[in-house]
Amino acid sequence: MSKTPTVIHWFRLDLRIHDNLALRNAINEAENRKHLLRPIYFLDPNIKDKVGINRLRFLLQSLEDLDNNLKKLNTCLYVLRGKAVDLLPKLFDDWQVKYLTCQVDIDPEFVQQDEYIEDIAEKKGVFINKRVQHTVYDVHKVLRENNGAVPLTYQKFLSLVKSINVKEPIEISNVLSSHCKPIDIQSENYSIPNLKELQIDEETLAPVKYHGGETEALKRLNLYMSKKEWVCKFEKPNSSPNSIEPSTTVLSPYISHGCLSAKLFYYKLKEVENGRQHTLPPVSLMGQLMWREFYYTAGTGVANFDKMVGNAICIQIPWTKNDAFLKAWAEGKTGYPFVDAIMRQLKQEGWIHHLARHMVACFLTRGDLWISWEEGAKIFEDYLLDYDWSLNAGNWMWLSASAFFYKYFRVYSPVAFGQKTDKEGVYIKKYVPELKKYPRE
Ligand SMILES: Cc1cc2nc3c(=O)[nH]c(=O)nc-3n(C[C@H](O)[C@H](O)[C@H](O)COP(=O)(O)OP(=O)(O)OC[C@H]3O[C@@H](n4cnc5c(N)ncnc54)[C@H](O)[C@@H]3O)c2cc1C
């Protein structure tokens, strides 16, 4: 039991210090009330049954980095082993919590959990302050601009946000408080677990290609923003799905985990574009960020967005069930070298290019195997470092021509599409080494 009352900041998909309004509110509140500040994160000990191991490694790295950054603010991260719904009610009592901050997350799992927790908090007299900070725009506001209707086209979405002012990202480093002290409770283990504790043998994983955390996210952002000409000339359709090193930013895992603020990315892009000739949405880099906002808005406004049944915008298609084909696709053993190379890259490295996602998603669904996009989305959820509830479901609906995009007859060739940008088959030979000695044809 703690003697000093506590203000909690509950980290979820906002694993960063920069542009974290909810965290700043918690720091201010702790200061004003002369309470302790305890930043917390809930980690389900069974997480490895729900989150793919590459993503789990990325998450643990992000937590480590967050802890280091919090220490610079004179506090640290308390990792609680268990589920928020089970642990928070007791924590409210034990730590004498009166104030809690967190960001608004839209995944139905969070929404449901929050309703339960808000109910308990009210009964226990804990004030909850939630902040919209995972997207550039407040997507609820965008929906209101459209009289509650979901904008179903990208252009419509752009027209709605045109007049919305985006507030500047906030800074935290100068809001240090003497009340942000590492906690005195020694009896419990609040450390960040390693993979071993979660019963994962690191030896089974490929070397880290994208290291998790805010520090790496900012480094990556700054690197790309320093390439001003590259940013201004960026056209997504002209980037390559099968280059050996990524042809796009790979900021997605950092944005998905909240290691990078979408708003900071937006502001940096504006800075680069300002006064220079640049490409435009939908193909520009700013346009990519707006795709994210578009899917977040749709995901917030449409019930059962990640399902076909009960989803009002999703065409109901009698997909077939074929476990053997699905397994072959997921393991990169279809016999189509380009498809297999992509799926193997995904499984090993946790990230593949957007157009590579197009290729394999089209192949699984309307293109070749006629298997439901929901099955593909589940495999992506397992393998992707950047897994994001609304982006994954929205893009899968697009690619399967179930919603947003309806030219179902425009199908990617599993042979010719890859050849356009990899005439020698270097990418295929890297990820499907069985074919290394075969002639390029
Ligand atoms: C079937 C399928 C599933 C997908 N699932 C996810 C997912 O779970 N999580 C995820 O982050 N992205 C997903 N995407 C979208 C997109 O492929 C990735 O965001 C992008 O490839 C990430 O690479 P990058 O950071 O280099 O992108 P860049 O081209 O550098 O773009 C910058 C940022 O813009 C956003 N962005 C780019 N493209 C899209 C897009 N089409 N839709 C929404 N936002 C976009 C991302 O946040 C990205 O980091 C999916 C796409 C498809 C076709």
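Residues numbered from 1 in each chain as written. Predicted model: local features only at pLDDT ≥ 70, side-chain atom pairs only at ≥ 80, totals over all residues. Heavy atoms only, no water.

1. A closer look at the sheet that holds strand β3 (residues 78-81)
No. 1: Spatial ordering of the open sheet is given by β3-β2-β1-β4-β5, a layout of five strands whose pairing is parallel. The open sheet has two edge strands with one neighbour each: β3 and β5 (127-131). Geometrically, the sheet is characterised by an average inter-axis angle of 30° between neighbouring strands, direction not taken into account.
No. 2: Where strand β4 (residues 97-103) and β5 come together, five bridges link them in parallel fashion. (Pairing = 2+ DSSP bridges. Helix = DSSP H or I, 4+ residues; strand = E, 2+ residues; numbered from the N terminus. Axes fitted to C-alpha atoms, helices over the stretch in contact; angles between N-to-C directions.)

2. With respect to the pairing of β3
No. 1: In this structure, strand β2 (residues 36-43) lies alongside β3, joined through four bridges in parallel fashion. Across the sheet, residue Y41 finds its bridge partner in β3, namely V79.
No. 2: Between β2 and its parallel partner β3, the chain crosses via helix α2 (residues 53-71), and the hand of that crossover is right-handed. (Right-handed = clockwise from strand over helix to strand, strands pointing away.)

3. As for the nonpolar core
In globular proteins that are soluble, nonpolar side chains generally tend to be buried together.
No. 1: Counting 122 residues, the largest nonpolar core has Y137, F265 and W329 as its most contacted members.
No. 2: Here the element with the most residues in this core is helix α11 (residues 285-301); it accounts for nine residues.
No. 3: Setting aside chain neighbours within four positions, we find Y137 in contact with V132, V142, F157, V161, I164, V166, Y266, M290 and E293.
No. 4: Listed in part, the 21 residues of the second largest apolar core include I40, W95, A121 and Y190. (Core = buried A, V, L, I, M, F, W, Y, C linked by side-chain atoms within 4.5 Å. Buried < 20%, exposed > 50% of the residue type's maximum accessible area, 1.4 Å probe, protein only. Contact = heavy atoms within 4.5 Å.)

4. Some words on the UniProt feature "site: Electron transfer via tryptophanyl radical" (unreviewed entry) in the protein
No. 1: The residues that UniProt annotates with the feature "site: Electron transfer via tryptophanyl radical" (unreviewed entry) are W319, W373 and W396. Taking the farthest pair of C-alpha atoms as the criterion, the annotated set spanning 78 residues converges on one region, since that pair is 14.0 Å apart.
No. 2: Take W319: it is sitting in the loop between α11 and α12 (323-331).
No. 3: Owing to a relative accessible area of 14%, W319 belongs among the buried residues under this scheme.
No. 4: Secondary-structure assignment places W396 in helix α16 (residues 389-399).
No. 5: Apart from the residues lying within four places of it in its own chain, the contact partners of W396 are W329, A361, L364, T365, W373, G376, A377 and F380. (UniProt positions renumbered as here; feature names shortened; annotations may be inferred.)

5. Let's talk about the domain arrangement of the protein
Interface size is often expressed as the accessible area that is lost when the parts come together.
No. 1: In terms of domain boundaries, the protein breaks down into domain 1 (6-132), domain 2 (135-167 + 214-301) and domain 3 (323-435).
No. 2: Centre-to-centre, using C-alpha coordinates, domain 1 lies 26 Å away from domain 2.
No. 3: With 16 residues of domain 1 in contact, the opposing surface of domain 2 contributes 19 residues.
No. 4: For the pair domain 1 and domain 2, the summed buried area comes to about 1,500 Å², and 55% of that belongs to carbon and sulfur atoms.
No. 5: Together, H18, F58 and I106 form the three largest contributors to the area buried by domain 1 at its contact with domain 2, with a combined 39%.
No. 6: On inspection of domain 1 and its partner domain 2, the count reaches ten residue pairs in polar contact (both at pLDDT 80 or more).
No. 7: For the side of domain 1 that touches domain 2, a count of residues per class yields seven nonpolar, three polar and six charged. (Domains from an automatic or database assignment. Buried area = accessible area lost by both parts, 1.4 Å probe. Polar contact = N/O pair within 3.5 Å; in protein donor to acceptor, adjacent residues only side chain to side chain. Nonpolar A, V, L, I, M, F, W, Y, C, P; charged D, E, K, R; others polar.)

6. A closer look at the site of the ligand
No. 1: Looking at the ligand, there are 31 residues lining it, with T248, T249, V250, H354 and D386 nearest.
No. 2: Measuring from an oxygen atom of the ligand, one finds a side-chain N or O atom of K236 at 2.9 Å.
No. 3: Considering the ligand on its own, with 820 Å² of exposed area, one finds that the protein chains cover 99% of that surface.
No. 4: Put simply, the parts of the chain that give the shell around the ligand at least two residues each are α9 (252-256), α11, α14 (354-367) and α16.
No. 5: For the shell around the ligand, the element with the most residues is α11, which contributes six residues.
No. 6: Of the residues contributing to the shell around the ligand, the split by class is 17 nonpolar, nine polar and five charged.
No. 7: Each of domain 2 (135-167 + 214-301) and domain 3 (323-435) accounts for three or more of the residues forming the shell around the ligand. (Near = heavy atom within 4 Å. Areas by Shrake-Rupley, 256 points an atom, 1.4 Å probe, with all protein chains shown as cover.)

7. Considerations on the environment of P439
No. 1: Structurally, P439 is set in the segment after α18 (426-431).
No. 2: Each C-alpha atom, one on P439 and one on H18, is 50 Å from the other, the two residues being 421 residues apart in sequence.

8. Observations regarding the packing of aromatic side chains
No. 1: This structure, assessed with the given rule, holds 34 aromatic pairs.
No. 2: Above the face of the W10 ring, R12 is positioned so that its terminal group lies 4.5 Å from the ring centre.
No. 3: Geometry around W230 places K227 over its ring, the cationic atom sitting 6.0 Å from the centre. (Phe/Tyr/Trp six-rings, centres within 6.5 Å; stacked < 30°, edge-to-face > 60°. Lys NZ or Arg CZ within 6 Å of the ring centre and 35° of its normal.)

9. Side note on helix α1 (residues 21-33)
No. 1: Taking 1.5 Å per residue as the helical rise, α1 with its 13 residues ought to reach 18 Å, and the 18 Å between its terminal C-alpha atoms agrees with that figure.
No. 2: The inward-facing, buried residues of α1 contact β1 (6-10), β2, α2, β4 and β5.
No. 3: K34 sits one or two positions beyond α1 and adopts a positive phi of about 60°. (Expected span 1.5 Å × (residues − 1).)

10. Thoughts on the environment of I352
No. 1: Residue placement: I352 occurs in the loop between α13 (337-349) and α14.
No. 2: A residue is classified by how much of its surface remains accessible, and I352, at 0% relative accessible area, is buried.
No. 3: With 20 residues separating them in the primary sequence, I352 and G332 have C-alpha atoms 13 Å apart.
No. 4: With residues near it in sequence (within four places) discarded, I352 still touches I342, Q345, L346, R357 and F380.

11. Some remarks on the pattern of salt bridges
No. 1: Enumeration according to the criterion identifies 24 salt bridges in this entry.
No. 2: Here K50 makes a salt bridge to D44, at a shortest N to O gap of 2.5 Å.
No. 3: A salt bridge links E331 to K327; the shortest N-O distance between them is 3.7 Å. Of this pair, E331 and K327 are both found in helix α12, four residues apart, which corresponds to roughly one turn of the helix.
No. 4: By relative accessible area, E331 is classed as partly exposed at 29%. (Salt bridge = Lys/Arg side-chain N within 4 Å of Asp/Glu carboxyl O.)

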